[in-house]
Amino acid sequence: QVQLVESGGGSVRTGDSLRLSCVPSISSLAMATMNWFRQAPGKEREFVASISWRTANTNYADSTRGRFTVSRDDVKRTMYLQMDSLEPEDTAVYYCNLQLESSSYWGQGTQVTVSS
């Protein structure tokens, strides 16, 4: 099984920043695409950002583009989501996702709460 360990969530105020981390258990990420999703209670899970491990090519949801930055550290084998200018609307459980060889794996989620 592929395990995804997430960390970095917390409770902050509007305008603050957080950095989420996701560490996958697999040895090689060269062919992987990794994503961040989020889900608020009573709402559908939505896409946040993605990164191709090999090329570092990224894409973002319209709601987070310009405020969030997804990156990866190949040495540490870790994906990050730098979240700046946080808004109450960003409050959700954030999930790390890994796509590899037609398979999709999910982390347990980390709570981000932004108060006004």
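Residues numbered from 1 in each chain as written. Predicted model: local features only at pLDDT ≥ 70, side-chain atom pairs only at ≥ 80, totals over all residues. Heavy atoms only, no water.

Caption draft 1: Structural view of the nonpolar core. If you look at the biggest cluster of nonpolar residues, it comprises 30 residues, and the most contacted ones within it are Met34, Trp36, Met79, Leu81 and Tyr94. Broken down by secondary-structure element, the contributors of at least two residues to this core are strand S3 (18-24), strand S4 (33-39), strand S5 (46-52), strand S7 (68-73), strand S8 (78-83), strand S9 (92-100) and strand S11 (110-115). For this core, the element with the most residues is S9, which contributes five residues. Not counting residues up to four positions away in its chain, the partners in contact with Met79 are Leu20, Ser21, Cys22, Met34, Asn35, Trp36, Ile51, Trp53, Val70, Ser71, Arg72 and Cys96. (Core = buried A, V, L, I, M, F, W, Y, C linked by side-chain atoms within 4.5 Å. Buried < 20%, exposed > 50% of the residue type's maximum accessible area, 1.4 Å probe, protein only. Helix = DSSP H or I, 4+ residues; strand = E, 2+ residues; numbered from the N terminus. Contact = heavy atoms within 4.5 Å.)

Caption draft 2: Region of the structure containing the packing of aromatic side chains. If you walk through the whole model with that rule in mind, you get three aromatic pairs. Geometrically, the ring pair formed by Phe37 and Phe47 is edge-to-face, given 5.7 Å between the ring centres and 75° between the ring planes. With a gap of 10 residues between them, Phe37 in strand S4 and Phe47 in strand S5 connect regions that are remote in the sequence. Given a relative accessible area of 18%, Phe37 falls into the buried group. Their ring planes at 85° and their centres at 6.5 Å tell us that Tyr95 and Trp106 sit as a pair that is edge-to-face. With Tyr95 in strand S9 and Trp106 in strand S10 (residues 103-106), this residue pair connects regions lying 11 residues apart in the sequence. In textbook terms, an aromatic cluster arises when at least three aromatic residues are bridged by ring pairs, as seen for Phe37, Phe47, Tyr95 and Trp106. (Phe/Tyr/Trp six-rings, centres within 6.5 Å; stacked < 30°, edge-to-face > 60°.)

Caption draft 3: Inspection of the sheet that holds strand S1 (residues 4-7) at higher detail. Read across the open sheet, the four strands follow the order S1-S3-S8-S7; overall the sheet is antiparallel. Lying at the two open borders of the sheet, with one neighbouring strand each, are S1 and S7. Strand-to-strand twist across the sheet, computed as the mean angle between neighbouring axes with direction ignored, equals 15°. Sheet analysis places S3 next to S8, joined by five bridges and oriented antiparallel. For Leu20, the partnering residue across the bridge sits in S8 and is Leu81. (Pairing = 2+ DSSP bridges. Axes fitted to C-alpha atoms, helices over the stretch in contact; angles between N-to-C directions.)

Caption draft 4: Molecular detail of the state of the cysteines. Within the structure shown, the criterion is met by one disulfide. The residue that forms a disulfide with Cys22 is Cys96, at a sulfur-sulfur distance of 2.0 Å. Around the S-S axis, the bridge from Cys22 to Cys96 shows a dihedral of about -80° and counts as left-handed. Residue Cys22 is found in strand S3, and its partner Cys96 is found in strand S9; the two are separated by 74 residues along the sequence. Using a relative accessible area of 0% as the deciding quantity, one classes Cys96 as buried. (Disulfide = S-S within 2.5 Å.)

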